[in-house]
Amino acid sequence: MTFDPATEIQNFLVFGEFGDVNPSICDSSTYTFLSVGKMEELFDHEIEGCFLYSRQFNPTNKYLSMALARMEDGQWAQVTSSGMAAIACTLMELCSAGDEIVAERTVYGGTYALLANLLPRFGITTRFVDLRDERTVRAAITPKTRVLYCESINNPLLEVADIPMLARVSKNCGLTFVVDNTFSPLMISPLRLGSDVVVHSMTKFINGTSDCVAGCVVSTHEFINRLTNTNHGPCMLLGPVLDSIRAANILKNLHSLHIRMRHHSRNALYLAQRFEELGLPVHYPGLERHPQHRLMQQLMNPGFGFGGMVAVDVGDRLTADRLMTRLQEEKVGYLAVSLGYFKTLFSAPGHSTSAEIPEEERLKMGMSDGLIRFSVGLDNDIAATWEVINRCLNELGITRRDATRLHLELGVAEGEFAGVG
Ligand SMILES: Cc1ncc(COP(=O)(O)O)c(C=O)c1O
């Protein structure tokens, strides 16, 4: 059955205190009780409609959580003060000292640093592998493995995870399968494809206005209750609380997410096709030549396109720096990290959002210093934008020949990138 997450969100009506269509923002850290007994009871277990302290639950955050649970077709959700908080709290709940995580080798740089540098201090270690190959995944799993972790569309190479295959492996081995769905909200529904937990950085497409940092976890009632448990829940005890005013804004922005995603995707496909025509190595799952194009077609919910992210390899760092500087001067967008904004954002992951990953590993993945990641904006006239980009490319003499030569020097076989999209 086709699932339409946008309609799920659209049909989530909240009647505010005064019949207000935007529910009143609950601006309180603490809540009164008419009896001591009721307060005691709430320390013990959740009571519908009762709130104790906003580090645990806040009514405004709860409305946003309910909308997110509907979007992901999950039972329940918890919003957090950042995407990293959502990831860290999830993994800390699932793992203890001595446990292992098997993670996709290409993940957001901050996630990589959490897994490679911070969690080992608490005895939790990670094996980074190429999750596209089932045999490699199975070979990496040991009796100590607790979690399988990936991004639905990974940052920044835009490889698409085979979520049903990974879910099968995870279930066979008794693991919890966690998917970061930041790059593909609405487009992919990991819980419906078999994952156990979904995390998002809402800082990106979900909020869409680049004015706050926020995250969420969507899963079962049982798992969210574990995260918020007063005695041992990481969300409760590490305390990454989302401010209720921010939560109210994100809820409002969430209602236009489907329109934005469709437009981001339309513009991104247009630019990806133009880059491809020029013969530049381009990564975009909407291109027929992308290695997981067919898989993506099988996994995606219809109507939202292939996403707003495109990565293009211009060969080397200097060329990438020059191009990004020119694109900003020509008002194509901002030289900035992050994604999901109305204006195009671009950065070179090797020296920004993926800098935490050692250079040797980056090169092995095919992430060269010349890779530029674009979060394509909501331009009304994307053809006009392309004319400007094309002029900048010509000005700097960026041709396929240059990219090919540099890649061969780096030891990357031509087929490896010529076929990527
Ligand atoms: C895929 C992905 N997951 C998680 C994060 C972290 O999110 P936040 O910056 O909201 O903590 C990012 C940030 O860029 C990301 O790209």
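### Comments concerning the sheet that holds strand S11 (residues 344–347)
Part 1 of the reasoning: Strand order in the open sheet formed by five strands is S8-S9-S12-S11-S10, with mixed pairing between adjacent strands. Two strands bound the open sheet, and with one partner strand each, they are strand S8 (282–283) and strand S10 (333–335).
Part 2 of the reasoning: In the sheet, S10 pairs with S11 via three bridges, with the strands oriented parallel. Note that in S11 the partner of Gly333 across the bridge is Thr344.
Part 3 of the reasoning: Its contacts with the sheet put helix H11 (residues 257–278) on S8, strand S9 (309–313) and strand S12 (371–375), and the angle it makes with S9 is roughly 15°.
Part 4 of the reasoning: Strands S10, S11 and S12 of the sheet are contacted by helix H13 (residues 317–329), whose axis makes an angle of about 135° with S10.

### Brief notes about the environment of His200
Part 1 of the reasoning: Within the secondary structure layout, His200 lies in strand S6 (residues 197–201).
Part 2 of the reasoning: For His200, a count of 30 C-beta atoms within 10 Å translates into the label buried.
Part 3 of the reasoning: Between the C-alpha atom of His200 and that of Gly83, which follows or precedes it by 117 residues, the distance is 5.7 Å.
Part 4 of the reasoning: In this structure, His200 is in contact with Gly83, Ala86, Asn181, Thr182, Pro185, Ile206, Gly215 and Cys216, ignoring residues within four places of it in sequence.

### Remarks on unusual backbone geometry
Part 1 of the reasoning: The omega angle of the peptide bond from Asn155 to Pro156 is 10°, so this bond is cis rather than trans.
Part 2 of the reasoning: Positive phi outside glycine occurs at Leu158, with the angle close to 60°.
Part 3 of the reasoning: Structurally, Leu158 is set in the loop between strand S4 (145–151) and helix H7 (163–172).
Part 4 of the reasoning: Under the C-beta neighbour-count criterion, Leu158 is labelled buried, with 30 such atoms within 10 Å.

Rules used in this analysis
- Residues numbered from 1 in each chain as written.
- Predicted model: local features only at pLDDT ≥ 70, side-chain atom pairs only at ≥ 80, totals over all residues.
- Pairing = 2+ DSSP bridges.
- Helix = DSSP H or I, 4+ residues; strand = E, 2+ residues; numbered from the N terminus.
- Contact = placed C-beta atoms within 7 Å.
- Axes fitted to C-alpha atoms, helices over the stretch in contact; angles between N-to-C directions.
- Buried ≥ 20, exposed ≤ 12 C-beta atoms within 10 Å, placed from the backbone.

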